[in-house]
Every structure is written in C-alpha cells, then in structure tokens.
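Fold and contact review
Listed below, chain by chain, are the residues.
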Protein chains: 2
Amino acid sequence: MTLALIFDVFGTCVDWRTSVARDVAAALPHVDAIQFAMDWRAEYDPAMKRIRDGGRGYVPLDDLHLENLHRVAARHGVTAPDSLNTAWERLDPWADVVPGLTHLRKTHIIAPCSNGSIALMTRLARYAQLPWDCILGADLARDYKPNPAVYLASCAALRLDPGEVMMVAAHNGDLFAARDAGLYTAFVPRPTEYGPDQATDLAPEADWTVVARDFTDLARQMA
Amino acid sequence: MTLALIFDVFGTCVDWRTSVARDVAAALPHVDAIQFAMDWRAEYDPAMKRIRDGGRGYVPLDDLHLENLHRVAARHGVTAPDSLNTAWERLDPWADVVPGLTHLRKTHIIAPCSNGSIALMTRLARYAQLPWDCILGADLARDYKPNPAVYLASCAALRLDPGEVMMVAAHNGDLFAARDAGLYTAFVPRPTEYGPDQATDLAPEADWTVVARDFTDLARQMA
C-alpha cells in the first residue's frame, strides 16, 4: 500500500527551461537565454557523476550549479554574476502540479526526492507554492540519484519501507532506479521539458505502477 | 538579519501533556493518564543523554519513545500496545501556533528544530496543520539537542549562517545552547506545558533577542 509519494522536481514538477531562461535573459541580455539554460542544465549530470562514482565527496547541487554557471558563461563569452545561481529557486510549476499535489496530500505524505539540496528545495517550494509535507532527497543520502541510496534514505527518513512509497517522475531512468530500490513507480510525461523538439521520455518505457497524464490525473488514480 | 526561524516543538508548539494523556486514556483505561504521560515524558531526557554523551549511537526518537513506553507501562503495572507510540504524532498545537506560524511564514523560512525525527515531525505537522517549509532537527545531525551539532546542522541545511537564524523555544536551556551556537533566540513561555503546578521556564532567564507572549506576538515583533 502506498503511504507516501516522493517526487522528482526538475522537469517533473517545474519547468526549469523557460524559468531559468527568464532569469538568464534579465542578467545576461546578450546571450541566447534558452540555449544558455539548456547548456547549464546539460552540465548537471556530468557534475553529479563524479560524486556518484566516488571520485569526489558530496557537494550540494547549489555549489555544482554555481561551478557550472561560470563554465557555461565562459563558453558563451560572458561573465555571469553569482546571484544568477538563485534562478534555480524560482522555477514555475507546470499548471497541474499545485492542484494535483494539494489533492494527493489529503491521502498521502508528499515530498520531493530531488537531487536539489534541502535549502534549494525549500526556497523553490516557497516560490512555487509546492505544498510538501517535508523535504527529502540527495542531502539526506549525501549522494545523487539514480544511486539507490537517495531513494532508500528518503523512505528511511519517513520510517517507511520502499514497498510503501511511490516515486513519481517524468524520467524513465529515475523510475528504473526507484523500482530497483523496491519502490512503486508513477510516470507523468513532460513532453516540453526540453522544448518543442524533445525526443526522450515522451512515453513510459516499462510497465510502471501508474502512468498518468498529469498530476491531476495522478491524484484521480491514487484516490 | 533573521532569514529563518527554527522551532522547538514539544511544549513550544504543541501541548504534548494533555494530547498524550488523551491517547493513554483510550488505550490504557485503568492508569492515571496524565501521570502516565508525565512519566513517559520524564524518560525522554535520560534516554537522549546516553546518545548525546556518545555512549550509544544515534537512535531516532520514535524508537526511544517506544522503549520508554514499555518501561513506564511496566512501572504502572500494565502492558501497553506498541501502537500507543503514535500518540506523539497526534499532539494538539497551542491556539496561537497555527495563526502565528502562518504569519511568520510570509516573511521567514520556518522549520522545526526538534529532537523528533523527520518521520515524527512530518506526521505531527500533518495532524496539527503546522505549515513548515521543511523539517530540520535531530535526524539531520544524528545527535540530540542541546548538543550544538543539531542547531548547526539545521542552519547548514538551509545554507544559512547561525547569525541568520533564530531559535524559538519555551525552554531557556534550548535557547542557551542555540545562543552558544551563534543563533538569535526567542523565548515564548508555555506556563502550563507541565500542568498547573509548573515551576520551570515561566520566565526568560537571559536577555534573549526576543521575548514574546505567544506566536501571534512573535509574528508582530518579527514583522
């Protein structure tokens, strides 16, 4: 029985691409803001990979984002202010997210299980009005998804078995890892997370426990 | 400048004494429920002390509560069901708490910094409708207040310096420790936490940053 739902956040709950681009455009008027946002995000996985593989101790995502910001800015031929890093705290939710979470919360514990830090997820929740019961994720495990420690630490923090928790994500890779760790899985596609030409994660790639159109549909299926 | 307020919970936000007694009365009709609740709570500090002093590894408060439940039940000549341990997840807030927190949250990050686990604080917040932005406290430090690690880990999780955070408590001892760790302090008396004959923590014992009548007054002073 699913007692708690834990959520991927970047892409699944919030539209990082257009939100980050908005702040980039304000801070760096001479760059292609959408391309800059995409390039910044593209540095995300390689930066975590060294930590996941043990080649570097745990560093919160805020710090990785800042390192990546300056690397991408240099590539675009500009100097970015450190303050632009807080763009990741001001990401707009997809329209169905707040109503869906509000419904789901009536019957389930809901929490982010993101690679974002507690600090980042807390500030983002305040901005986007995400009604989480608590903040779980990478900081608790001092490791990054899709390493199993992150899913398992999030379940353990709630004193629940993985078999009492469902991972919700727009990314099949996240769900494969969650399922391997013993969690239930829910896929919610976000076909424009990467823009109009997105080619990945348009459809479920396994028989996930639940496949939902959006969070409102997920709430209906979980009721 | 105070950017976040972190709160003691048992006694400061919620009336554990009458709430636990209510569940004790339902589960164990033949004991003095108020006395049982007081005795159960009296085991709290000694149980944590061994962990604070390094004589035992970190064990979440849920488990200490369960050990203490059975010890106290034996002393009262009864056998308690394990399920009674969830009484600590159903504690009523003092009347000013939810309105005060709701106001404070408009301008500050608010979070519990309790010796309760993330699991316990999450379930309690759902029951008592405490509008926390995130759950901090003992679990993050794997240590117990008043050890400084708990205050410092809570600030660090928010990526704030202790000098940007205020600890709110009805217990002078909690505030002495928070101040030593570099935090601002706010004292809110709860003169009936231990019942009508309470003799401790009736007044501030140092010049705390703020002294407030209740959480509504605290919100007014922090505005």
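These figures come from a predicted structure and were not determined experimentally.

With that settled, the discussion passes to the sheet that holds strand 5 (residues 136-137) of chain B. All names here are of chain B. Taken together, 6 strands build an open sheet; the order of strands is 5-4-1-6-7-8 and the sheet is parallel. Of all the strands in the sheet, the pair left with one neighbour each is strand 5 and strand 8 (210-211). Pairing of strand 4 (residues 109-114) with strand 5, which is carried by 2 bridges, proceeds in the parallel orientation. Across the sheet, Cys-113 pairs through a bridge with Leu-136, a residue of strand 5.

Any two side chains of opposite charge can pair, on the condition that their charged atoms come close. Evaluation of the coordinates by the stated rule reveals 34 salt bridges over all chains. With a shortest N-O distance of 3.7 Å, Asp-23 of chain B and Arg-22 of chain B are connected by a salt bridge. Taking relative accessible area as the criterion, Asp-23 of chain B reaches 14% and is therefore assigned buried. We classify Arg-22 of chain B as partly exposed; its relative accessible area is 37%. Residues Arg-220 of chain B and Asp-217 of chain B are paired through a salt bridge, measuring 3.5 Å at the closest nitrogen-oxygen approach. Here Arg-220 of chain B and its partner Asp-217 of chain B are both found in helix 10 (residues 215-222), 3 residues apart, which amounts to about one turn of the helix. For Arg-220 of chain B, a relative accessible area of 52% puts it in the exposed group. Among the ionic contacts, a cluster of salt bridges with common partners joins Arg-22, Asp-23, Arg-90 and Asp-92 of chain A.

For a regular strand, side-chain orientation follows a simple rule: the groups alternate between the two sheet faces. Residue and element names in this part refer to chain A. Of all 6 residues in strand 2 (residues 109-114), 6 are buried, a share of seventy percent or more. Pairing between strand 1 (residues 4-7) and strand 2: 4 bridges, direction parallel. Note that in strand 2 the partner of Ala-4 across the bridge is Ile-109. With respect to chirality, the unit in which strand 2 leads through helix 6 (residues 118-128) into the neighbouring parallel strand 3 (residues 136-137) is right-handed.

The next thing to look at is the sheet that holds strand 2 of chain A. Taken together, 6 strands build an open sheet; the order of strands is 3-2-1-4-5-6 (chain A) and the sheet is parallel. The open sheet has two edge strands, strand 3 and strand 6 (210-211) of chain A, and neither has a second partner.

In this section: the relation of the copies chain B and chain A. Rotating chain B by 180° about the axis while translating it 0.0 Å along that axis superimposes it on chain A, leaving an RMSD of 0.0 Å. Here the copies are linked by what is in effect a two-fold axis. When C-alpha positions in chain B are compared against the rotation axis, the closest is assigned to Cys-134 of chain B, at 2.5 Å. A symmetric contact is evident, with 100% of the interface residues of chain B recurring at the interface of chain A.

A few words on the domain arrangement of chain A. All names here are of chain A. Along its sequence, chain A is organised into domain 1 (4-15 + 90-222) and domain 2 (17-89). Taking only C-alpha atoms into account, the centre of domain 1 sits 22 Å from that of domain 2. Taken residue by residue, the interface counts 25 residues in domain 1 and 23 residues in domain 2. Interface of domain 1 and domain 2: buried area, both sides summed, is about 2200 Å²; carbon and sulfur atoms make up 48% of it. Three residues, Arg-90, Leu-120 and Tyr-144, lead the burial of domain 1 against domain 2; their summed loss comes to 34% of the area buried on that side.

Moving on, we get to the interface of chain B and chain A. Quite often, the size of an interface is put as the accessible area lost when its parts meet. In this complex, chain B contributes 23 residues to the contact, which on the side of chain A involves 23 residues. Across the interface of chain B and chain A, roughly 1800 Å² is buried in total on both sides, 53% from carbon and sulfur atoms. Inspection of the region where chain B meets chain A yields 6 salt bridges. With a closest N to O distance of 2.7 Å, Asp-133 of chain A and Arg-126 of chain B form a salt bridge. Taken together, the links from chain B to chain A amount to 12 residue pairs in polar contact (both at pLDDT 80 or more). Taken together, the elements giving at least two residues each to the side of chain B that touches chain A come down to helix 4 (61-75) and helix 6 (118-128) of chain B. Examining the composition of the side of chain B that touches chain A, we find that 5 residues originate from one element, helix 6 of chain B, more than from any other.

Right, let's talk about helix 5 (residues 97-104) of chain B for a bit. All names here are of chain B. Among the residues making up helix 5, those that are buried are Val-97, Gly-100, Leu-101 and Leu-104. The buried residues of helix 5 occupy an angular sector of 95° when projected down its axis, which confines them to one face. Residues of helix 5 that are buried in the fold lie against strand 1 (4-7), strand 3 (92-93), strand 4 and helix 10.

Right, let's get into the side chain of Thr-12 of chain A. Residue and element names in this part refer to chain A. With respect to the element layout, Thr-12 can be found in the loop between strand 1 and helix 1 (16-27). The buried category is assigned to Thr-12, whose relative accessible area is 0%. A polar atom in the side chain of Thr-12 sits 2.8 Å from the backbone nitrogen of Ala-170. If sequence neighbours within four positions are ignored, Thr-12 has contacts with Trp-94, Val-97, Val-168, Ala-169, Ala-170, His-171, Arg-190 and Phe-215.

Formed by 82 residues in total, the largest nonpolar core has its most connected members in Leu-183 of chain A together with Phe-7, Phe-10, Val-24, Phe-36, Trp-132 and Leu-218 of chain B. If you tally residues by element for this core, the top one is helix 6 of chain B, at 6 residues. When near neighbours in sequence (up to four residues on either side) are disregarded, Trp-132 of chain B contacts Phe-7, Val-9, Cys-13, Leu-101, Arg-105, Ile-110, Ala-111, Pro-112 and Ala-125 of chain B. Counting 81 residues, the second largest nonpolar core, distinct from the first, contains Ala-21, Val-31 and Ala-80 of chain A together with Leu-175 of chain B.

Reading the values: rules and limits
- Residues numbered from 1 in each chain as written.
- Chains lettered and ligands numbered in written order.
- Predicted model: local features only at pLDDT ≥ 70, side-chain atom pairs only at ≥ 80, totals over all residues.
- Heavy atoms only, no water.
- Pairing = 2+ DSSP bridges.
- Helix = DSSP H or I, 4+ residues; strand = E, 2+ residues; numbered from the N terminus.
- Salt bridge = Lys/Arg side-chain N within 4 Å of Asp/Glu carboxyl O.
- Buried < 20%, exposed > 50% of the residue type's maximum accessible area, 1.4 Å probe, protein only.
- Right-handed = clockwise from strand over helix to strand, strands pointing away.
- Least-squares fit on C-alpha atoms with pLDDT ≥ 70 in both.
- Contact = heavy atoms within 4.5 Å.
- Domains from an automatic or database assignment.
- Buried area = accessible area lost by both parts, 1.4 Å probe.
- Polar contact = N/O pair within 3.5 Å; in protein donor to acceptor, adjacent residues only side chain to side chain.
- Arc of directions from axis to C-beta.
- Core = buried A, V, L, I, M, F, W, Y, C linked by side-chain atoms within 4.5 Å.

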